Amino acid sequence: MNHLFFRQDTVELARKLLGCLLIHRTPDGVAGGMIVETEAYVGAIDKACHAYRNRSERTEIMYHDGGYAYVYFIYGMHYCFNVVTGPEGEGNAVLIRALEPVIGLDLMRKRRRMNQLRNLCSGPGKVCQALDITKNEYGLDLCNADSPLRLIQYRYIPDAKIGASPRINVAYAGEAAAWPWRFYVKDNPYVSIIGS
DNA sequence: GCGGAGATTTCC
DNA sequence: GAAATCTCCGCG
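Overview of the structure. Everything numeric here is computed off the predicted structure, so don't read it as measured data.

### Comments concerning the protein's contact with DNA strand C
All residues adjacent to DNA strand C are Ser 56, Arg 58, Phe 73, Tyr 75, Gly 76 and Met 77. Within 4 Å of the protein, the atoms of DNA strand C are drawn from sugar and phosphate moieties in a proportion of 55%. For DNA strand C, a base oxygen lies 2.4 Å from a polar atom in the backbone of Tyr 75. At 3.5 Å from a sugar or linking oxygen of DNA strand C is found a main-chain nitrogen or oxygen belonging to Gly 76. Here the surface near DNA strand C is composed, by residue class, of 3 nonpolar, 2 polar and 1 charged.

If you want it as structure tokens, here you go:
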């Protein structure tokens, strides 16, 4: 995947990223999984987006060309991983909310102190803990074949298998709170909220 | 400087 | 249902 791919419309990309593999290589080994749940955030119009009228040191990477990693720290204890999308200057990103574990299962189990496969990567904070993604990964180029953090085409998810819903925990965002910009693979047991 | 709130997870 | 826990931002 190259930067051209990530320059597409952000909501469209949130759908297309389902079925891709996210892989992180560290000195401990390689870990990764298939993306099964995403959320789109669009800076120009979306009150829930960190880059909504808020260009700062923290959000700076969101304004770059698509295909870079945006990682932020939340609630004093968790990291969340996003893919920057769209052309330069817009402030868009797709939050990766859940993976189906594929590579490095034992490494992820160890990092999560958890054996149950369904609880390894079923939430944005869990994904970062299982893959050891922290602020050190902020700004990494996801398109570079030599990068330790990469996105790779893996499975094609047909439209009929894609569900949509409002995004999670953005009630404060006014009318944007109701926009159906969360996407997930239907009937996949590794999404963060079962039954939706 | 200070205070509040947050794209979460976990356990009671 | 609430605690844990910290960084950033806005206010003044």
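### A short note on the nonpolar core
With 46 residues, the main nonpolar core has Leu 17, Leu 22, Ile 35 and Phe 81 as its most contacted residues. The biggest single contributor to this core is strand S2 (residues 29–42), with 6 residues. Ranked by size, the runner-up nonpolar core spans 17 residues in total, among them Cys 49, Ala 93, Val 170 and Ala 173.

### Brief notes about the pairing of strand S4 (residues 78–85)
Counting buried positions along S4 yields 6 of 8 residues, so the element is predominantly enclosed. Joining the antiparallel neighbours strand S3 (residues 69–74) and S4 is a turn of 3 residues, in which Tyr 75 adopts a positive phi near 55°. Here S4 pairs with strand S5 (residues 92–103) via 4 bridges, running antiparallel. Residue pairing for S5: Val 83 is matched across the bridge by Val 94. Connecting S4 to the antiparallel partner S5 that follows it, the hairpin turn spans 6 residues, and Gly 86 within it adopts a positive phi of roughly 80°.

### Some thoughts on the side chain of His 24
Turning to its location among the elements, His 24 is positioned in strand S1 (residues 21–26). A residue is classified by how much of its surface remains accessible, and His 24, at 2% relative accessible area, is buried. Residues within four places of His 24 in sequence aside, it is in contact with Gly 29, Val 30, Ala 31, Leu 131, Asp 132, Ile 133, Glu 137, Pro 148 and Leu 149.

Calculation rules
- Residues numbered from 1 in each chain as written.
- Chains lettered and ligands numbered in written order.
- Predicted model: local features only at pLDDT ≥ 70, side-chain atom pairs only at ≥ 80, totals over all residues.
- Heavy atoms only, no water.
- Near = heavy atom within 4 Å.
- Polar contact = N/O pair within 3.5 Å; in protein donor to acceptor, adjacent residues only side chain to side chain.
- Nonpolar A, V, L, I, M, F, W, Y, C, P; charged D, E, K, R; others polar.
- Core = buried A, V, L, I, M, F, W, Y, C linked by side-chain atoms within 4.5 Å.
- Buried < 20%, exposed > 50% of the residue type's maximum accessible area, 1.4 Å probe, protein only.
- Helix = DSSP H or I, 4+ residues; strand = E, 2+ residues; numbered from the N terminus.
- Pairing = 2+ DSSP bridges.
- Contact = heavy atoms within 4.5 Å.

Honestly, that's just the spatial picture; any functional story needs more than this.
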